[in-house]
Amino acid sequence: MSAKRNHPPRPGLSRVGRSLDGVLSRLAQSAAPVLEEAAALARKYHAASPAATDSAPAAEVVREHIAPARLARAAKAKGLHARRVGLALGSGGARGFAHLGVLRALSAAGIRPCCIAGTSMGAVVGAFAAAGKAEELAAYVLSLDWPRIVRYGDVAWPLRQGGLFKGNVFRKELAKRLGVATFGELAVPFAAVATDVESGARVVMREGDLALAVRASASIPGLFAPVRDRDRWLIDGAFTDPIPVGEARALGAAKVLAVDASPEVSRADPNAGRPGVREILLQAMSIAEAGLARVRGEGERADWLVRPPVGRFATLAFDRAAEIVEAGYRATAAFLVSDT
């Protein structure tokens, strides 16, 4: 990484790219006052009700609905105890917290993946799982509330950095909680997928700075500034490989269990009127993500596919982590015992 600059170099974009960059900058500028207001409201709420916030359980345990012994028998019958079973964890924003429930159910069944490939939130969860810290991440996300979430909002200024948030706080938090600096230190082989914003190419990262790679893979355009890596500017991998089944195989998996946490592309309230800037940005990403997943057919290329029912949750519904994790656990447990 190069030394920090107040005005980082901008990638050499085409005319269309420059136009898009200008649109995103204007969108970020219009959204900045909204973010500041939200932060102020969150601080006001936190100050007014510290008892309610502090009394919330730090790590609510997702209930086990099926006995682990039964899950283990079912997993063995499906062949999931084979030595070379890998995981492909898909994108989905906050919906990707379902991966934590999936991992918890797999662990209860005695399944130990040989490798993990992840995109966007799948890369975040996958990195922690590869480091042996999936439960630590689960404990943290189950404690999230809006005052804590807002603290990740390091607003980019000037606004020509390509996103509303710089993402530095997010990256530092990743590095601290992962406890390892590079891919080579992980207990399980891992790959994270990002997108080169200039060429549109899929970028697979398997070595080097782990927190940088995960931060790049989860860089939602317009919200997080792109990540500079060597001569590339990287954004969210959902645009090129939302469910990285092929990368799990490239890591050595003979069979792959894929997890699809993609959204439902529809408006919850058709009478809500004109959508706002944030809604348009997130909905546009959901449309692209869901469309690419259908075109690539990555889920169908997997040997097993789990689709937790999380499409109803918003991309930024981080405060509903307990429900989303629970949905991932239930869906995986149901998958394991089906037809057994």
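Residues numbered from 1 in each chain as written. Predicted model: local features only at pLDDT ≥ 70, side-chain atom pairs only at ≥ 80, totals over all residues. Heavy atoms only, no water.

Explain the overall build of the protein chain residue by residue, including any values.
Helix and strand counts for the protein chain stand at 13 helices and 10 strands. Every one of the 340 residues in the protein chain was classed for burial, and the buried ones make up 51%. Taking all contacts inside the protein chain whose residues are at least 6 apart in sequence as the whole, residues at least 24 apart take part in 77%. (Helix = DSSP H or I, 4+ residues; strand = E, 2+ residues; numbered from the N terminus. Buried < 20%, exposed > 50% of the residue type's maximum accessible area, 1.4 Å probe, protein only. Contact = heavy atoms within 4.5 Å.)

Break down helix α4 (residues 98-108) for me, with residues and values.
Burial runs high along α4: 10 of the 11 residues are buried. Of the positions making up α4, those classed as buried are Ala98, His99, Leu100, Gly101, Val102, Leu103, Arg104, Ala105, Leu106 and Ala108. Residues of α4 that are buried make contact with α3 (68-78), β1 (85-89), α5 (121-130), α6 (134-141), β9 (255-259) and α13 (321-337).

Break down the nonpolar core for me, with residues and values.
Phe97 and Phe190 are the most contacted members of the largest nonpolar core, which totals 82 residues. Considering each element in turn, this core owes the most residues, 10 residues, to α13. When residues no more than four places from it in sequence are discounted, the contact partners of Phe190 are Ile116, Gly118, Ala123, Gly126, Ala127, Ala130, Phe183, Met205, Arg206, Leu210, Val214 and Leu251. One finds Cys114, Ala248, Leu251 and Val256 within the second-largest nonpolar core, a separate group that totals 13 residues. (Core = buried A, V, L, I, M, F, W, Y, C linked by side-chain atoms within 4.5 Å.)

Could you give an account of the environment of Ala192, with specific residues and numbers?
Examined against the element boundaries, Ala192 turns out to sit in strand β4 (residues 190-196). Leave out the neighbours within four places in its chain, and Ala192 touches Gly118, Ala123, Phe183, Val203, Val204, Met205, Ala213 and Ser217.

Please set out the pattern of salt bridges residue by residue, giving values where relevant.
Evaluated as defined, the whole model comprises 13 salt bridges. Across the salt bridge formed by Arg177 and Glu173, the nearest N and O atoms sit 2.5 Å from each other. Of this pair, Arg177 and Glu173 both sit in helix α8 (residues 168-178), 4 residues apart, which is roughly one turn of that helix. The partly exposed category is assigned to Arg177, whose relative accessible area is 32%. Its relative accessible area of 17% is what places Glu173 among the buried residues. In this structure, Arg206 and Glu247 form a salt bridge, with 2.9 Å as the shortest nitrogen-oxygen distance. (Salt bridge = Lys/Arg side-chain N within 4 Å of Asp/Glu carboxyl O.)

Which residues make up the pairing of β4, and what are the values?
A regular strand places its side chains on the two faces of the sheet in alternate fashion. With 7 of its 7 residues buried, β4 lies for the most part within the structure. The side-chain alternation of β4 yields two buried faces, one formed by Phe190, Ala192, Ala194 and Asp196 and the other by Ala191, Val193 and Thr195. When strand β2 (residues 115-119) meets β4, the two strands line up parallel, connected through 4 bridges. By the bridge assignment, Ile116 is partnered in β4 with Phe190. Strand direction decides the pairing type here: β4 and strand β5 (residues 202-205), joined by 4 bridges, are antiparallel. Within β5, the residue paired with Val193 across the bridge is Val204. Linking β4 to β5, which pair antiparallel, is a turn of 5 residues; within it Gly200 sits at a positive phi near 80°. Where β4 and strand β8 (residues 232-236) come together, 3 bridges link them in antiparallel fashion. When the bridges of β8 are listed, Asp196 appears paired with Leu234. (Pairing = 2+ DSSP bridges.)

Outline the confidence of the model for the protein chain, supporting the account with residue identities and numerical values.
Put simply, the protein chain has an average pLDDT of 78, and 66% of its residues get 70 or more. Below a pLDDT of 50 lies the segment residues 1-21, which in the model reaches 20 contacts outside its immediate sequence neighbourhood of four places, other chains included. The model gives residues 23-63 a pLDDT under 50, and that stretch makes 41 contacts with residues more than four places away or in other chains. (pLDDT = per-residue confidence, 0-100.)

Go over α13 with me, naming the residues and quoting the values.
The end-to-end C-alpha separation of α13 is 25 Å, in line with the 24 Å expected for 17 residues at 1.5 Å each. Burial within α13 is extensive, with 13 of its 17 residues counted as buried. Just downstream of α13 lies Asp339, where phi reads positive at about 60°. (Expected span 1.5 Å × (residues − 1).)

Now, about the packing of aromatic side chains: what can you tell me, with residues and values included?
One pass over the structure, following the stated rule, counts 3 aromatic pairs. Across from the ring centre of Phe335, 5.0 Å away, lies the NZ or CZ of Lys78, which sits over that ring. The cationic tip of Arg177 hangs over the ring face of Tyr140; the distance from NZ or CZ to the ring centre is 3.9 Å. (Phe/Tyr/Trp six-rings, centres within 6.5 Å; stacked < 30°, edge-to-face > 60°. Lys NZ or Arg CZ within 6 Å of the ring centre and 35° of its normal.)

Would you mind going over the side chain of Thr240 in detail, with residue names and values included?
Mapped onto the secondary structure, Thr240 falls in the loop between β8 and α10 (245-250). The exposure class of Thr240 is buried, given its relative accessible area of 10%.

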